[in-house]
Amino acid sequence: MTSADRKLRESAYFRDIGEVGMMHAGRKPWSDPECAQYLQDLGSVLALCPRPPGRLLDIGCGAGWTSSLFSERGFEVDGIDLSPEAIAFARQFHTRPGLRFEVQDFDDPIRNSGEYDIAVFFDALHHSTNELHPLKLAFDALRPGGICVVCEPGNGHAKAESSRTATANYGVTERDMTPRMVLQRQGRSVSGSAKYTHTRRDSSCRSTVPEVALAPRSNGSCESQSSPQPELSMPQRLSVATG
């Protein structure tokens, strides 16, 4: 499958899942059996963000539920997604002052580049075939001192049954996306410090390890490094900060 064919399949995902699937996606986290886990993951993201007010770019926002919650937290939010159907749904069902949605591929340059305090990938970057390019564009969208927060499924996601089914039925890309991958990529493209939180799921939740990485944009130079991660009994969270 060519890159152009893959983009067409992925842009059609929300159309292909039908009305019921769209309502489920747009009403997350409340519509999903893993509601509590989604809220825990989003809480990890918010814990790494500066407090509002501020401008936040929600990259790969889907049907808009994360953008809506970021808006409720007090941020001015722009949500972008490749799918016209998802953005149409988001505009209809998630209406708040300061909340906007636009159709945009995260592999294309971000509008209003250099104007955001925070850029977020929440369950979106693992759909990329090369995470370096959208990460670089996310950093380009930030003001100096802004931060990029990434919350993605970790090791084992690509092999999970749900991932294989999504790829077979809808042609979407499903990859593991660990903090180490994100931070190493970030270190290759921009200078900055880095820190991440790591949350382990138990067997009753989604089958893969959710992981959150944060990399601040900086005008200076600070070498990123990783720290050992001890085994944790579940559910717990490990936070590591460097720089």
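Given the structure is predicted, the values throughout are model-derived calculations rather than measurements. Per chain, residue numbering runs from 1 following the sequence as it is written. Totals for whole chains, interfaces and linings use every residue, but because this is a predicted model, local features are given only for residues with pLDDT of at least 70 and side-chain atom pairs only at 80 or more, for both listing and counting. With hydrogens and water excluded, all non-hydrogen atoms of the structure serve as input to the side-chain values.

### Some details on the overall build of the protein chain
Right, so step 1: Numbering goes from the N terminus for both helices and strands, where a helix is a DSSP run of H or I of at least four residues and a strand is a run of E of at least two. The secondary structure content of the protein chain amounts to nine helices and eight strands.
Right, so step 2: Evaluated residue by residue, the protein chain yields a buried proportion of 48% over its 243 residues.
Right, so step 3: When checking whether two residues touch, look at their non-hydrogen atoms; a contact exists if any pair is within 4.5 Å. Taking as baseline every contact in the protein chain between residues at least 6 positions apart, the subset at least 24 positions apart corresponds to 68%.
Right, so step 4: Counting every atom, the protein chain has about 11,500 Å² of accessible surface; 49% of that belongs to carbon and sulfur. The buried label applies to any residue whose accessible area, calculated with a 1.4 Å probe on protein chains only, is under 20% of its type's maximum; exposed applies above 50%, and partly exposed to all values in between. Methods summary: accessible areas were calculated by the Shrake-Rupley approach with a probe of 1.4 Å, and residue burial reflects only the protein chains presented.

### Some words on the packing of aromatic side chains
Within a pair of aromatic rings, the relevant descriptors are the distance that separates the centres and the angle that separates the planes.
Right, so step 1: Each pair of aromatic rings taken from Phe, Tyr and Trp, with Trp reduced to its six-membered ring, is defined by centres within 6.5 Å and is described as stacked if the planes are under 30 degrees apart, edge-to-face if over 60, and tilted in the remaining cases. Within the structure shown, the criterion is met by five aromatic pairs.
Right, so step 2: Look at Tyr38 and Trp65: their rings are 5.5 Å apart centre to centre, the planes differ by 75°, and that puts the pair in the edge-to-face class. Linking Tyr38 in helix α4 (residues 35–48) with Trp65 in helix α5 (residues 65–73), this pair joins segments that are 27 residues apart in sequence.
Right, so step 3: For Tyr38, a relative accessible area of 6% gives the class buried.
Right, so step 4: Take Trp65: its relative accessible area is 8%, and that puts it in the buried class.
Right, so step 5: Arranged with centres 5.6 Å apart and planes meeting at 85°, the rings of Trp65 and Phe122 form a pair that is edge-to-face. Here the residue Trp65 occupies a position in helix α5, and Phe122 occupies one in strand β4 (residues 116–122), the gap between them amounting to 57 residues.
Right, so step 6: In textbook terms, an aromatic cluster arises when at least three aromatic residues are bridged by ring pairs, as seen for Tyr38, Trp65 and Phe122.

### Focus on the pairing of strand β5 (residues 142–153)
When a strand is regular, its side chains alternate between the sheet's two faces.
Right, so step 1: For β5, a buried count of nine out of twelve residues is recorded, marking the element as mostly surrounded by other parts of the structure.
Right, so step 2: By the bridge criterion, six bridges tie β4 to β5 in an arrangement that is parallel. By the bridge assignment, Phe121 is partnered in β5 with Val150.
Right, so step 3: When the strands point away from the viewer, a crossover counts as right-handed if the path from the first strand over the helix to the second runs clockwise. For the crossover from β4 across helix α7 (residues 132–140) to β5, the handedness is right-handed. A pair of strands is treated as paired once DSSP finds two or more bridges between them.

### Remarks on the confidence of the model for the protein chain
Right, so step 1: On average, residues of the protein chain score 76 in pLDDT, and 72% of them reach the 70 mark or higher.
Right, so step 2: pLDDT measures how confident the predictor is about each residue, on a scale from 0 to 100. Ignoring residues within four places in sequence, the model shows residues 188–210, a span with pLDDT below 50, making 99 contacts including any to other chains.
Right, so step 3: When the criterion is pLDDT under 50, residues 218–243 qualifies, and its contacts beyond four places in sequence or with other chains add up to 51 contacts.

### Here's the deal with the environment of Asp107
Right, so step 1: Looking at the secondary structure, you find Asp107 in the loop between β3 (99–103) and β4.
Right, so step 2: The partly exposed category is assigned to Asp107, whose relative accessible area is 21%.
Right, so step 3: Residues Asp107 and Ala138 lie 31 residues apart in sequence; the distance between their C-alpha atoms is 9.6 Å.
Right, so step 4: Not counting residues up to four positions away in its chain, the partners in contact with Asp107 are Lys7, His133, Pro134 and Leu137.
Right, so step 5: As used in this structure description, the phrase polar contact means that two N or O atoms lie within 3.5 Å; if the pair is within protein, one of them must be able to donate a hydrogen and the other to accept it, and residues adjacent in sequence are counted only when both atoms belong to side chains. Side chain to side chain, Asp107 and Lys7 meet in a polar contact 2.6 Å long.

### Quick notes on the packing of helix α3 (residues 18–26) against helix α6 (residues 84–93)
Relative orientation and spacing of two packed helices are given, respectively, by the angle between their axes and the distance between those axes.
Right, so step 1: Look at α3 against α6: their axes get within 11 Å of each other, and the N-to-C directions meet at 60°. Of the possible angle classes, the one that applies to α3 and α6 is oblique. Remark: the crossing between α3 and α6 carries right-handed chirality. Contact residues: Met22, Met23 and Gly26 in α3; Glu85, Ala86, Phe89 and Phe93 in α6. Note on definitions: angles span 0 to 180 degrees between N-to-C directions of axes, and those axes are lines fitted to C-alpha atoms, for helices only across the stretch in contact. Here is the rule for angles: anything less than 35 degrees is roughly parallel, anything more than 145 is roughly antiparallel, 65 through 115 is roughly perpendicular, and the remaining ranges are oblique. Helix crossings get a hand from a simple test, with the near helix turned counterclockwise from the far one by less than a right angle marking a left-handed crossing and a clockwise turn marking a right-handed one.

### What to know about the environment of Phe121
Right, so step 1: With respect to the helices and strands, Phe121 occurs in strand β4.
Right, so step 2: When residues no more than four places from it in sequence are discounted, the contact partners of Phe121 are Ile59, Phe106, Pro134, Leu135, Ala138, Cys148, Val149, Val150, Cys151 and Glu152.

### Let's talk about the pattern of salt bridges
Right, so step 1: A pairing counts as a salt bridge when a side-chain nitrogen of Lys or Arg comes within 4 Å of a carboxyl oxygen of Asp or Glu. Within the structure shown, the criterion is met by eleven salt bridges.
Right, so step 2: A salt bridge links Asp105 to Lys7; the shortest N-O distance between them is 3.0 Å. Taken together, the positions of Asp105 in the loop between β3 and β4 and Lys7 in helix α1 (residues 3–11) put the pair 98 residues apart, joining distant regions of the chain.
Right, so step 3: Given the relative accessible area of 12%, Asp105 is considered buried.
Right, so step 4: We classify Lys7 as partly exposed; its relative accessible area is 22%.
Right, so step 5: Notably, a salt bridge pairs Lys7 with Asp107, separated by 2.6 Å at the nearest N-O pair. With Lys7 in helix α1 and Asp107 in the loop between β3 and β4, this residue pair connects regions lying 100 residues apart in the sequence.

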